[in-house]
Amino acid sequence: MSNAENSNQYSTIVKDGLWDNNGVFSMLLGMCPTMAMTTSATNGFGMGLATAVVMAASSYLVAVFRNQITTEVRIPVYILIVAAMVTLVDLAMNAWMHELYKVLGLFIPLIVSNCLPLARLEAFAAKQPAFPALLDGLFMGLGFTIALTVIGAVREIIGSGTLFADASLLLGNSFKVIEMRLLPADMGVLMMILPPGGFIVTGLLVVVKRVLDLRAGKEIQMAGAHAV
Amino acid sequence: MKEFAMIMISAALVNNVILARFLGLCSFMGVTTRIDTAAGMGFATTFVITVSSMADWAVQTYLLDAYGLGFLRTVTFILVIASAVQFTEMTIKKVSPELFQMLGIYLPLITTNCAVLGVALLLVEGHMSFINATLFAFASSLGYSLVMVIFAGLRERLALVQVPRLFAGPPIAFIVAGMLAMAFMGFSGIAAS
Amino acid sequence: MNATREIVSMSQDSSTSMVEGIARVVRVEPGWAWLEPEQTTSCGSCASSASCGSHGAAGIGSVASRLQSRRFRLDNPPGPGELREGERIVVGVHNSTLLKAAALAYGFPLVAALGGGAFAQSAYESDPLSMLGMAAGLAFGLLVARIGAHRLAVRGEATPRFLRRARPDETCK
C-alpha cells in the first residue's frame with residue numbers, strides 16, 4: 001500500500017472510532033458500563049480510559065498473533081486475551097489509581113463481558129496488521145471514552161451542578177484545575193445521578209447524534225446493533 | 001428464614017440486577033421485543049446464572065482463596081461460565097432433543113453477558129456462605145427475568161404507537177426503561193441489608 | 001415512513017399467537033430439508049453479522065458452531081413450493097408451547113435442584129449431603145423434563161411449523 005492509501009486508511013479508522021461508528025451512540029454496544037459509571041464526568045472518563053487501554057492492548061496482541069491463532073480456537077483465545085488484559089488493568093488501577101478503582105469497582109472486571117472489545121477483535125483486529133489494529137482499538141476506546149464523559153458530564157451538571165468533581169482525587173493532583181461548579185448545590189435534579197437518569201440521558205443523546213447525522217446529510221443509523 | 005427472605009427481596013427487587021445495578025443491559029435491549037421470548041430467555045438465564053454462580057463460588061472458595069490465586073479471578077470465572085453454558089446446552093440436548101430443538105430455534109443464544117459475570121463477582125465480593133450465595137444468585141436472576149418480561153410487555157405496546165422518527169427504536173426504549181427504573185426505585189424503602 | 005412500516009409489521013406479529021424464528025436451508029435431501037437457525041446472541045446483534053462469529057468459520061464455543069449443532073429437519077415435499085439450499089424461511093411454534101418448553105427445560109430442574117438442596121440442608125445440616133440433595137433434585141427435574149417434552153412432542157406441538165419464506169429484509173427478530 002502506498003503512503004497516501006495508508007494515511008487514508010488511518011484517518012478512516014480514527015474518524016470511525018471517534019464518531020462515525022461510535023461504540024455507544026452508533027453501535028449501541030457496551031451499555032452496562034455506559035449507564036452505571038456515568039454518574040459524573042470523571043467516573044465516565046476513568047471507565048472509558050480503562051476500556052480504551054484494554055481494547056488497544058488486546059487489538060494489538062490479536063493482530064500480532066492473528067496468523068498463529070487457528071479458526072477453531074479463536075473465540076476462547078480472544079476472550080482469554082481480553083481477560084488477561086483486564087486483569088492487568090485491574091491490578092494496575094488497584095495499585096496506582098486506588099480511588100478510581102474503588103469507584104469503578106465491579107465494572108473493571110466486567111470489561112471482559114463488554115460486547116465492544118470482542119466485537120472489534122472479531123471484526124477488525126483479526127484481519128488487519130498490527131498497527132492499524134492498535135489504532136482501531138485505541139480510537140474505538142477513545143470514542144467510547146468521549147461518549148461516557150459526555151453522558152457523565154450531562155448527568156453531573158444537571159444532577160449535582162458540578163463538573164469533573166473529584167477529578168483531583170481520582171486522577172491526580174494536576175487535574176484539580178478542571179473541577180468546577182456550574183450550578184448552586186440545591187438546584188440539582190437528583191434523578192439524573194440515579195439509575196433512571198442514566199437510561200433517559202443515554203436515550204436522548206442517541207437522538208442528538210441522529211440529529212447531528214441528519215444535519216450532516218448522512219443516513220440515520222436506525223437500529224444500531226439491534227433492531228427494534 | 002426471615003434472613004433468607006430479606007436476601008431474596010433485596011437481590012430481586014431493591015437492588016435489581018438490571019434497573020439498579022445496570023448489568024445485562026445488552027440482552028435487556030436485544031431480547032425484549034416479545035413477551036414469550038423474554039420469558040423463555042428469563043428461564044434460561046435464571047438457570048445459567050444460578051448454576052454458574054454456584055460453580056464460581058466453589059472455585060473461589062476451594063481453588064482461588066485456598067491457593068492465593070485471587071488475581072486469576074476474572075479469567076477463571078469467564079472459563080467457568082463459558083463451560084457452564086456449554087454444559088447446560090449439552091445436558092438439554094441429551095435429556096430431550098425435542099426441547100433442545102425448540103429452544104434452539106426460538107430463544108437467542110446465551111453468551112457470557114454482564115449479568116452472569118456480574119452476579120458471580122457480586123457474590124464473591126460479598127463473602128457469602130454457600131446457601132446465601134445460591135439464594136442471592138437465584139433471586140437476582142428472578143428479578144432479572146421479571147424485569148425482562150415487564151419491559152417486553154411495555155415494548156409490545158410501544159410498537160403499536162406512533163413514535164417520532166428520530167426517537168424510534170433504541171432511544172424511546174431507553175426512555176421507557178428509565179421510567180421503569182423510576183418505578184422500581186419505589187422498592188428502596190424496603191431497607192434492611 | 002420507514003418507522004411506521006416497522007411499527008405496523010410489529011403489531012401484526014404480536015397479534016398472532018405464534019413465535020417466529022428464521023432459519024436457513026443448508027442441505028436438501030429427497031423429501032427433507034436441513035435447516036440452521038439464524039439467531040441472535042443475547043448481545044442483540046445478529047449471528048450472521050461480522051461482530052459475533054462469521055458463517056462457515058466455526059471455532060470451539062463460537063456462535064457459528066453452536067448454531068451448527070442446532071440444525072433440524074423439516075418436511076420438504078417435492079413440487080412447486082419446494083425449498084432449495086440457501087433459502088431463508090420463517091418457522092413458528094405456539095407461544096404457550098415455547099413457554100412450557102422453557103419452563104420444563106430450565107425452570108423445573110432448577111427449582112427441583114434448589115428444593116432438593118434445601119431439603120437436604122434442613123434435614124442433615126451438612127454441606128456434602130446438601131450438594132448431593134441438589135444433584136438428586138436436578139436429576140429428578142431433568143427426568144420430569146424429559147417426560148414432559150416427550151408428551152409435547154407426541155402431540156406434535158414441538159415440531160416447528162413452516163410459516164412462510166422470509167422477506168429479504170426480515171431480520172432475526
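Residues numbered from 1 in each chain as written. Chains lettered and ligands numbered in written order. Predicted model: local features only at pLDDT ≥ 70, side-chain atom pairs only at ≥ 80, totals over all residues. Heavy atoms only, no water.

## So, the overall build of chain B
When you go through chain B residue by residue, the secondary structure sums to eight helices and zero strands. When the helices and strands of chain B are read in sequence order from the N terminus, they spell out α-α-α-α-α-α-α-α. Compactness check: chain B gives a C-alpha radius of gyration of 18 Å against a globular reference of 16 Å for 193 residues, within 12% of the reference. When its C-alpha atoms are laid out on the principal axes, chain B stretches across 60 × 45 × 30 Å. Taken over 193 residues, chain B has a buried fraction of 62%. In chain B, 80% of the contacts between residues at least 6 apart in sequence involve partners at least 24 apart. Here chain B displays about 7,000 Å² of accessible surface, and carbon together with sulfur accounts for 71% of that area. The distance from the centre of the 9 positive side-chain charges to the centre of the 8 negative ones in chain B is 9 Å. (Helix = DSSP H or I, 4+ residues; strand = E, 2+ residues; numbered from the N terminus. Rg over C-alpha atoms; globule rule 2.2 N^0.38 Å. Buried < 20%, exposed > 50% of the residue type's maximum accessible area, 1.4 Å probe, protein only. Contact = heavy atoms within 4.5 Å. Areas by Shrake-Rupley, 256 points an atom, 1.4 Å probe, with all protein chains shown as cover. Lys, Arg positive; Asp, Glu negative; His and termini not counted. Charge placed at Lys NZ, Arg CZ, Asp CG, Glu CD.)

## Quick look at the overall build of chain A
Assigned secondary structure in chain A consists of nine helices and two strands. Along its sequence from the N terminus, chain A presents helices and strands in the succession α-α-α-α-α-α-α-β-α-β-α. When burial is assessed residue by residue, chain A has 52% of its 228 residues classed as buried. Across chain A, the fraction of contacts at a sequence separation of at least 24, relative to all contacts at a separation of at least 6, is 74%. Total accessible area computed for chain A in this model is approximately 9,400 Å², and 67% of it derives from carbon and sulfur atoms.

## Thoughts on the environment of Pro-170 of chain B
All names here are of chain B. Note that Pro-170 resides in helix α8 (residues 170-184). Assessed through its relative accessible area of 5%, Pro-170 is described here as buried. Spatially, the C-alpha atom of Pro-170 lies 24 Å from that of Ala-44, the residues being 126 residues apart in sequence.

## Some words on the environment of Ile-13 of chain A
Residue and element names in this part refer to chain A. Among the structural elements, Ile-13 can be located in helix α1 (residues 3-20). With a relative accessible area of 5%, Ile-13 lands in the buried category. Note: C-alpha distance between Ile-13 and Glu-122 (109 residues apart in sequence) is 16 Å. Discounting residues that sit within four places of it in the chain, Ile-13 has contacts with Phe-124, Pro-132, Leu-135, Asp-136 and Phe-139.

## Considerations on the interface of chain B and chain C
On the chain C side, the residues contacting the 53 residues of chain B number 57 residues. The junction of chain B with chain C conceals about 4,900 Å² of combined surface from both sides, 71% of it contributed by carbon and sulfur atoms. Taken together, the connections running from chain B to chain C amount to one salt bridge. Here Glu-89 of chain B and Arg-70 of chain C are joined by a salt bridge, their closest N and O atoms 3.2 Å apart. Linking chain B to chain C there are seven residue pairs in polar contact (both at pLDDT 80 or more). Every element with two or more residues in the side of chain B that touches chain C is listed here: α2 (25-31), α3 (35-64), α4 (73-95), α5 (97-106) and α7 (130-158) of chain B. Ranked by the residues each element gives to the side of chain B that touches chain C, the list is headed by α3 of chain B, at 11 residues. The residue inventory of the side of chain B that touches chain C, partitioned by class, reads 28 nonpolar, 17 polar and eight charged. (Buried area = accessible area lost by both parts, 1.4 Å probe. Salt bridge = Lys/Arg side-chain N within 4 Å of Asp/Glu carboxyl O. Polar contact = N/O pair within 3.5 Å; in protein donor to acceptor, adjacent residues only side chain to side chain. Nonpolar A, V, L, I, M, F, W, Y, C, P; charged D, E, K, R; others polar.)

## Brief notes about helix α6 (residues 115-123) of chain A
Among the nine residues that make up α6 of chain A, seven are buried, leaving the element largely enclosed by the rest of the structure. Within the span of α6 of chain A, buried status applies to Cys-115, Leu-116, Pro-117, Ala-119, Arg-120, Leu-121 and Glu-122 of chain A. Its buried side turned inward, α6 of chain A meets α3 (41-64), α4 (74-96) and α7 (130-160) of chain A together with α2 of chain B.

## So, the packing of aromatic side chains
Following the criterion strictly, the structure yields eight aromatic pairs over all chains and no others. An aromatic cluster is built from Phe-199 of chain A together with Phe-22, Phe-28 and Phe-151 of chain B, whose rings are joined through pairwise contacts. (Phe/Tyr/Trp six-rings, centres within 6.5 Å; stacked < 30°, edge-to-face > 60°.)

## Section: the interface of chain A and chain B
At the junction of the two partners, chain A supplies 39 residues and chain B supplies 42 residues. Overall, the association of chain A and chain B removes approximately 3,500 Å² of surface from exposure, summing both partners, and the carbon and sulfur fraction of that is 84%. Our enumeration of links across chain A and chain B arrives at zero salt bridges. Our count for the chain A to chain B interface comes out at two residue pairs in polar contact (both at pLDDT 80 or more). Breaking the side of chain A that touches chain B down by element, the ones donating at least two residues are α2 (31-36), α4 and α9 (195-215) of chain A.

## A look at empty space enclosed by the protein
By the definition in use, this model includes four cavities of 30 Å³ or more. Of the pockets and cavities examined, the largest cavity occupies roughly 100 Å³. Every residue lining the largest cavity is counted, 13 residues in all, and those nearest its centre are Glu-89, Pro-108 and Ile-110 of chain B together with Arg-70 and Tyr-106 of chain C. Breaking the lining of the largest cavity down by element, the ones donating at least two residues are α3 and α4 of chain B. For the lining of the largest cavity, the class distribution of residues is nine nonpolar, one polar and three charged. (1 Å grid on protein atoms, 1.4 Å probe; cavity = no way out; pocket = protein on both sides within 12 Å on 5 of 7 lines; lining within 4 Å. Points joined across faces, edges and corners; volume = space filled by probe spheres on them.)

## Brief notes about the side chain of Asp-136 of chain A
Residues and elements named next belong to chain A. With respect to the secondary-structure elements, Asp-136 resides in helix α7. Asp-136 gets classed as buried once you look at its relative accessible area, which sits at 4%. Excluding anything up to four places from it in sequence, Asp-136 contacts Ile-13, Arg-120 and Phe-124.

## Some points on the packing of α3 of chain A against α7 of chain A
Residue and element names in this part refer to chain A. Direction vectors running N to C along α3 and α7 enclose 165°, while the axes themselves pass 7 Å from each other. In terms of orientation, α3 and α7 fall into the roughly antiparallel class. Of the two elements, α3 crosses α7, and the hand of that crossing is right-handed. The class makeup of the residues in the contact of α3 with α7 is 19 nonpolar, nine polar and one charged. (Axes fitted to C-alpha atoms, helices over the stretch in contact; angles between N-to-C directions. Parallel < 35°, antiparallel > 145°, perpendicular 65-115°, else oblique. Left-handed = near helix turned anticlockwise from the far one by under 90°.)

So, to be careful, I would describe these as geometric facts and stop short of saying anything about function.
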